[in-house]
Structures are given as structure tokens and as C-alpha cells.
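# Topology and contacts: notes
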Amino acid sequence: MREIGILKGSSLVQILDTLLQEGTLKAVGKTHILSAKHLQTTRTSKLIITENHFIQGFFHDPSLNLGQVLVKKNILTPEQLEEVQTQQKIRGLAGIGQILLEKQIVEKERLIQLQRNFIEAIAYDILLWQETDFKLETEEMSERSLGEYIRKIISLEQFTLVQDFTLDADKYLPVLNLLKDKFENMMTILKRIRKVEMDELSEIQKKVYRYINNRNSLLEVLILSDAGYFDTFSCIYQMISQELIATGATTPGNPLLLPKKKPSSATPVMKPVPARPA
């Protein structure tokens with residue numbers, strides 16, 4: 001386990017850039033688990049990386065895992081999800097993707113895009129955190145690991161390169177920080193306040209508006225939308241400004257407050273990997 005340290009969530013970009021420069025993430029046959037613990041809530045999100053590609057992610061809130069997202073998007077029924085998760089445990093698989101493809105519940109291209117969007121949402125969510133405890137763990141890939149399955153069946157090249165994410169995040173982060181200042185809580189419910197005709201919305205707004213149903217929180221809409229994290233956040237702000245939607249109450253449970261204070265410019269200090277015993 002490599003202890004990176006307690007930093008701002010926005011340091012994720014610098015951490016990933018450092019790991020890329022070291023060559024740590026490109027090792028063949030290894031899976032890297034970058035954990036980010038939100039110190040205010042003590043919950044942890046994880047990004048899984050193989051050969052410089054994001055292949056999987058886990059949200060700090062278990063109710064927002066990929067399976068639940070597929071149910072919310074009406075791709076899976078709750079019964080199908082339960083069956084898939086049971087098969088996953090019996091077979092000792094790292095993810096549900098393999099079973100979804102085998103059962104032809106989701107087409108390969110659709111599943112890859114869903115995974116890419118889901119991982120992107122996790123990474124951008126971490127960027128907006130305040131005090132965050134980062135750690136890196138490296139494991140050897142097994143025959144049943146998700147990384148090995150992706151290499152053989154899907155191809156890593158169809159997943160997001162870590163470098164592509166850091167370039168985009170570095171570009172979008174200043175705007176995202178401005179947008180987040182309009183919301184005090186990521187669990188704020190987004191609600192429709194009047195009847196909206198579809199021709200009032202842009203194509204991107206339509207992808208976002210469908211998930212604003214007076215039940216989903218800001219964070220849930222950012223995860224569910226097919227428009228991508230940055231475009232979804234921008235659309236939500238636009239629709240609030242146009243008085244098409246509004247913010248409501250806060251869902252109970254995980255607050256994930258976003259304090260409105262200037263982020264620190266501290267540079268993360270990467271601790272060296274301890275030498276292995278001879």
C-alpha cells in the first residue's frame with residue numbers, strides 16, 4: 001500500500017500525472033487501485049487502472065454502484081440485477097460486465113460507454129472534494145480479474161486513457177469549481193418546476209432533463225446522464241438559469257458538502273514506493 005497523503009480532491013490530476021511520469025500505471029499484468037477517502041464523511045471512492053486505462057470504479061455510496069445505475073436507467077430490472085450479482089459472487093468475478101455480455105442484456109459498445117461515463121463521474125466527483133486521503137494499491141491480475149477479461153474480450157483501447165482524463169480535467173476544473181459554488185450539497189434534489197416542451201431543450205439538455213424527476217439528486221443526475229459529467233453539470237446550471245428546473249431539499253444520508261472556500265494550491269508529495277525485501 002502506497003500512502004499518498006491527505007490533499008484536496010483536485011490534487012487527483014497531479015497524482016495521476018505523477019504516476020504516469022513514473023511509469024507506475026503502465027505495468028502489464030497489474031491492477032492499480034487508487035482510493036480516495038472523503039474525510040468529512042469517511043466514505044471511499046476507488047478508481048481501478050490497468051495499463052494506463054481506467055477500467056472500473058466504485059462510488060463512496062454503495063447505492064450508486066454500476067448495477068444500481070443500470071436499474072435507474074431502466075437497462076436492468078431489480079430482479080435481473082439480483083440474479084447477475086448472485087452469479088458474480090458464485091463465479092468470483094470482479095465485476096458484473098462479463099455476465100451482462102454473456103446474457104446479452106447489454107450490447108458491448110453500450111456497456112463500454114456506460115462504464116466510461118460511470119468512471120468519469122467518480123473521478124470528477126473526487127476532484128470537487130476538500131480534504132481527501134489518497135492511497136494506491138497494486139495487485140497482480142488473476143484469470144478471473146476484470147482487467148484480464150477486458151484485455152481478452154473487450155480491448156483496453158476502448159476504455160479511457162488516464163492521460164486523456166487528466167488533460168480534460170485540468171481544462172474543465174476551473175469551470176467546475178465555479179459551477180459547484182452554486183450548490184452547497186451534492187445530494188440536493190433537482191426538481192421540475194413547470195411543464196417543459198422538448199423543443200425548448202437542446203439535444204444535450206434532453207439527455208439530462210430525463211433524469212430530473214423530483215427524486216434524483218444532483219450527484220445522481222451527474223452519474224446517470226449520458227451527456228458526460230462536465231456537459232451535464234453545465235446543462236443543469238443552464239436549466240436552473242432558464243427556470244426550467246430548481247433545487248429542492250437534500251436527501252438524507254451522505255451529505256458530501258461542498259464548502260465555498262478557495263481551494264488550496266498545495267502540491268501533492270508522492271511518497272516513494274517502499275523497497276521490496278530481497
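Heads up: the structure comes first, above all this text.
Residues numbered from 1 in each chain as written. Predicted model: local features only at pLDDT ≥ 70, side-chain atom pairs only at ≥ 80, totals over all residues. Heavy atoms only, no water.

Moving on, we come to the overall build of the protein chain. For the protein chain, the count of helices and strands is ten helices and seven strands. Buried residues in the protein chain amount to 51% of all 278 residues. Considering only contacts in the protein chain between residues 6 or more positions apart, those separated by 24 or more positions represent 74%. Total accessible area on the protein chain is roughly 13800 Å²; 49% of this is exposed by carbon and sulfur atoms. (Helix = DSSP H or I, 4+ residues; strand = E, 2+ residues; numbered from the N terminus. Buried < 20%, exposed > 50% of the residue type's maximum accessible area, 1.4 Å probe, protein only. Contact = heavy atoms within 4.5 Å. Areas by Shrake-Rupley, 256 points an atom, 1.4 Å probe, with all protein chains shown as cover.)

The next thing to look at is the environment of glutamine 113. With respect to the secondary-structure elements, glutamine 113 resides in helix 5 (residues 108-127). Residues glutamine 113 and glutamine 158, spaced 45 residues apart in sequence, show a C-alpha to C-alpha distance of 8.8 Å.

As a further point, take the nonpolar core. Leu12, Leu16, Phe165, Tyr229, Phe233, Ile236 and Met239 are the most contacted members of the largest nonpolar core, which totals 76 residues. Considering each element in turn, this core owes the most residues, eleven residues, to helix 5. Beyond its immediate stretch of four places on either side in the chain, methionine 239 contacts Leu201, Gln205, Val208, Tyr209, Ile212, Leu244 and Ile245. (Core = buried A, V, L, I, M, F, W, Y, C linked by side-chain atoms within 4.5 Å.)

Across its 20 residues, helix 5 extends 29 Å between first and last C-alpha, which sits within 8% of the 28 Å expected from 1.5 Å per residue. Taking burial as the measure, the 20 residues of helix 5 include 14 buried ones, the bulk of the element. (Expected span 1.5 Å × (residues − 1).)

Across the sheet, five strands lie side by side as 1-5-2-3-4; this open sheet has antiparallel pairing. Of all strands in the sheet, those with a lone pairing partner are strand 1 (2-8) and strand 4 (53-58), marking the two edges. If you compare each strand with its neighbour and ignore which way they point, the axes differ by 25° on average. Each of strand 1, strand 2 (30-38), strand 3 (43-50), strand 4 and strand 5 (131-140) is contacted by helix 1 (residues 12-22), which is oriented at about 150° to strand 1, the strand it contacts most. (Pairing = 2+ DSSP bridges. Axes fitted to C-alpha atoms, helices over the stretch in contact; angles between N-to-C directions.)

Here the focus is the side chain of aspartate 61. Relative to the helices and strands, aspartate 61 is located in the loop between strand 4 and helix 2 (66-72). Look at aspartate 61: it is buried, it has no salt bridge, and the nearest opposite charge is arginine 43 at 4.0 Å. Within the local environment of aspartate 61, its side chain forms a polar contact with the side chain of serine 63, the two groups lying 2.8 Å apart. (Lys, Arg positive; Asp, Glu negative; His and termini not counted. Salt bridge = Lys/Arg side-chain N within 4 Å of Asp/Glu carboxyl O. Polar contact = N/O pair within 3.5 Å; in protein donor to acceptor, adjacent residues only side chain to side chain.)

In this section: the packing of helix 5 against helix 7 (residues 162-180). At a minimum axis separation of 11 Å, helix 5 and helix 7 run at an interaxial angle of 50°. Between helix 5 and helix 7, the interaxial angle falls into the category oblique. The handedness of the crossing between helix 5 and helix 7 is right-handed. Of the residues in helix 7, those in contact with Ala123, Tyr124 and Leu127 of helix 5 are Phe165, Asp168, Ala169, Tyr172, Leu173 and Leu176. Class assignment of the residues belonging to the contact of helix 5 with helix 7 gives a composition of eight nonpolar, no polar and one charged. (Parallel < 35°, antiparallel > 145°, perpendicular 65-115°, else oblique. Left-handed = near helix turned anticlockwise from the far one by under 90°. Nonpolar A, V, L, I, M, F, W, Y, C, P; charged D, E, K, R; others polar.)

Before going further, it helps to spend a moment on the packing of helix 7 against helix 10 (residues 229-241). Closest axis-to-axis distance for the helix 7/helix 10 pair is 11 Å, and the angle between their directions is 35°. You can see that helix 7 and helix 10 cross each other, and the crossing is left-handed. Between helix 7 and helix 10, the contacting residues are Tyr172, Val175, Leu176, Leu179 and Lys180 on the first element and Tyr229, Phe230, Phe233, Ser234 and Tyr237 on the second. Residues that form the contact of helix 7 with helix 10 fall into these classes: eight nonpolar, one polar and one charged.

Moving on, we come to unusual backbone geometry. In this model, asparagine 52 sits at a positive phi of 70°, which is unusual for a non-glycine residue. Looking at the element boundaries, asparagine 52 is found in the loop between strand 3 and strand 4. Positive phi, normally seen in glycine, also occurs at glutamine 104, with a value near 55°. By secondary structure assignment, the location of glutamine 104 is in the loop between helix 4 (97-102) and helix 5.

Listed in full, the buried residues belonging to helix 1 are Leu12, Val13, Ile15, Leu16 and Leu19. Relative to the axis of helix 1, the buried residues are bounded by an arc of 165° and lie together on one face. Just past helix 1, the residue glycine 23 takes up positive phi, approximately 85°. (Arc of directions from axis to C-beta.)

Attention now goes to the pairing of strand 4. The two faces of the sheet receive side chains in turn, since in a regular strand these alternate between them. Most of strand 4 is tucked away, with five of its six residues classed as buried. Bridging between strand 3 and strand 4 involves five bridges; their strand directions are antiparallel. Looking at the pairing, lysine 46 lines up with phenylalanine 58 of strand 4. Where strand 3 hands over to strand 4, the hairpin turn is made up of two residues, of which glutamate 51 adopts a positive phi near 50°.

All right, on to the pattern of salt bridges then. Within the structure shown, the criterion is met by nine salt bridges. Between glutamate 22 and arginine 2 there is a salt bridge, with its nearest N and O atoms 2.9 Å apart. Taken as a pair, glutamate 22 in helix 1 and arginine 2 in strand 1 lie far apart in primary sequence, 20 residues in all. Exposure remark for glutamate 22: the relative accessible area of 41% places this residue in the partly exposed category. Among the charged side chains, a salt-bridge network with shared partners connects Lys73, Arg110 and Asp226.

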